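Geometric and topological summary
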Amino acid sequence: MARPLTYDLTGKQKAAILLISLGPELSANIFKHLSEEEMEKLTLEISAVKKVESSFKDQILDQFYNLVMAQDYITQGGIGYAKTVLEKAIGSDEATKVITRLTSSLQVRPFDFARKADASQVLNFIQNEHPQTIALVLSYLDSDQAGQILSSLPQESQADIAKRIALMESTSPEMINEVETILERKLSSTVSHDYSQTGGIEAVVEVLNGVDRSTERTILESLEIQDPELAEEIKKRMFVFEDIVTLDARAIQRIIREVDNDDLMLSLKVASEDVKEVVFSNMSQRMVETFKDEMDLSGPVRLRDVEEAQTRIVTIIRNLEEAGDIVIARGGGDDIIV
């Protein structure tokens with residue numbers, strides 16, 4: 001069988017030829033969705049292409065079409081379904097190549113079946129497993145789902161599992177496969193054969209943002225005893241300055257009264273338009289005008305100074321919440337006010 005003409009081309013070269021084949025109008029629309037670095041690299045590749053043989057174009061368009069269809073099939077019914085459909089359309093060998101290429105680029109995550117299940121179902125499957133096994137599964141789930149499960153586990157094990165998620169780094173395919181086997185007796189699953197990044201501080205923060213307030217407090221208090229530095233790092237990331245947009249008007253007005261005006265001005269200078277709008281809408285017109293005038297006159301600011309100011313404001317927000325003066329919405333439903 002003759003080797004495809006595109007065999008020796010890199011991914012960037014194929015992308016450049018694809019864009020040339022699609023024409024300037026469609027290519028321009030695609031460029032809108034790329035990063036600046038991606039646009040620069042593709043522009044260089046396109047400029048390096050002098051002539052494109054029609055056979056090259058046809059092969060690359062076919063490859064692109066098959067990848068798009070495979071991704072659509074994966075969305076509909078998973079990788080197994082996608083491969084079955086593609087095998088009927090383009091043969092077993094080509095289907096395997098397309099699926100391998102697509103899954104490596106998508107980095108399909110393990111426990112996909114669990115993310116589609118109810119939290120209560122997953123809880124039933126894992127609640128009697130070793131805490132490390134539970135931590136591994138939770139680190140792959142959506143944060144809301146993982147938060148619900150963590151809230152439902154015995155209180156004495158919650159902090160231990162949260163700590164295991166935070167300290168988890170890479171996990172081997174063999175270990176993931178072994179854990180998945182526990183759950184695949186009733187549900188089908190697929191696993192990536194690359195080492196997968198799981199857990200970490202951000203993962204446990206997402207999970208804790210999905211639990212109810214009392215569960216969060218219990219876990220953090222236990223972690224403060226076991227590992228004070230880890231507990232402090234988690235607390236720093238639980239609520240960030242931009243999350244102000246999620247607070248109600250009463251809370252924002254209280255925050256404006258409590259924080260230092262210089263810190264607030266410094267933070268707002270580089271904040272998103274959404275944050276500025278929600279803060280300014282809770283100020284008097286005179287105060288808004290004063291803030292805007294002083295922000296315009298202040299000139300450039302150092303990023304470190306802004307981050308320090310935002311950290312001070314977030315600390316005040318968390319202290320106000322601890323004192324019960326404001327409410328930060330949680331995933332468990334215990335913060336509903338009637």
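In this text, all values refer to a predicted model and were calculated from it rather than measured experimentally.

What counts and how
- Residues numbered from 1 in each chain as written.
- Predicted model: local features only at pLDDT ≥ 70, side-chain atom pairs only at ≥ 80, totals over all residues.
- Heavy atoms only, no water.
- pLDDT = per-residue confidence, 0-100.
- Helix = DSSP H or I, 4+ residues; strand = E, 2+ residues; numbered from the N terminus.
- Contact = heavy atoms within 4.5 Å.
- Core = buried A, V, L, I, M, F, W, Y, C linked by side-chain atoms within 4.5 Å.
- Buried < 20%, exposed > 50% of the residue type's maximum accessible area, 1.4 Å probe, protein only.
- Salt bridge = Lys/Arg side-chain N within 4 Å of Asp/Glu carboxyl O.
- Axes fitted to C-alpha atoms, helices over the stretch in contact; angles between N-to-C directions.
- Parallel < 35°, antiparallel > 145°, perpendicular 65-115°, else oblique.
- Left-handed = near helix turned anticlockwise from the far one by under 90°.

Overall, the prediction assigns the protein chain a mean pLDDT of 75, with 71% of residues at 70 or greater. Per-residue pLDDT, averaged within each element of the protein chain, yields its smallest value for strand E2 (residues 196-197) (48) and its largest for helix H15 (residues 249-258) (93). Of the regions scoring below 50 in pLDDT, residues 1-7 engages in 10 contacts with residues more than four places distant in sequence or in other chains. Scored below 50 in pLDDT, residues 331-338 makes 15 contacts in the model with residues more than four places away or belonging to other chains.

So, on to the nonpolar core. One broad trend across soluble globular proteins is that nonpolar side chains are buried collectively. Grouped together as the largest cluster of nonpolar side chains are 39 residues, with contacts concentrated most on Leu138, Ile149 and Ile234. Of all the elements in the fold, those that place two or more residues in this core are helix H7 (119-126), helix H8 (131-140), helix H9 (143-152), helix H10 (155-167), helix H11 (173-183), helix H12 (201-208), helix H13 (213-226) and helix H14 (228-238). If sequence neighbours within four positions are ignored, isoleucine 149 has contacts with Ala119, Val122, Leu123, Ile126, Leu138 and Leu141. Residues Ile255, Val259, Phe280 and Ile328 belong to the second largest nonpolar core, which totals 27 residues.

Moving on, we come to helix H17 (residues 273-280). Those residues of H17 that fall on the buried side of the exposure criterion are Val275, Lys276, Val278, Val279 and Phe280. Structurally, H17 contributes buried residues whose contacts are with H15, helix H16 (261-269) and helix H18 (285-297).

Moving on: the pattern of salt bridges. This model, assessed by the stated rule, comprises six salt bridges. Arginine 312 serves as the salt-bridge partner of aspartate 263, at 2.8 Å between the closest nitrogen and oxygen. Taken as a pair, aspartate 263 in helix H16 and arginine 312 in helix H19 (residues 303-322) lie far apart in primary sequence, 49 residues in all. Given a relative accessible area of 41%, arginine 312 falls into the partly exposed group. A network of salt bridges, in which partner residues are shared, links Arg254, Glu258 and Asp325.

H19 packs onto H16 with a crossing angle of 120° between their chain directions and a minimal axis gap of 8 Å. Relative to H19, the element H16 lies oblique. Crossing angle aside, the handedness with which H16 passes H19 is left-handed. For the pair formed by H16 and H19, the contact residues are Asp263, Leu264, Leu266 and Ser267 on the first element and Asp305, Val306, Ala309, Gln310, Arg312 and Ile313 on the second.

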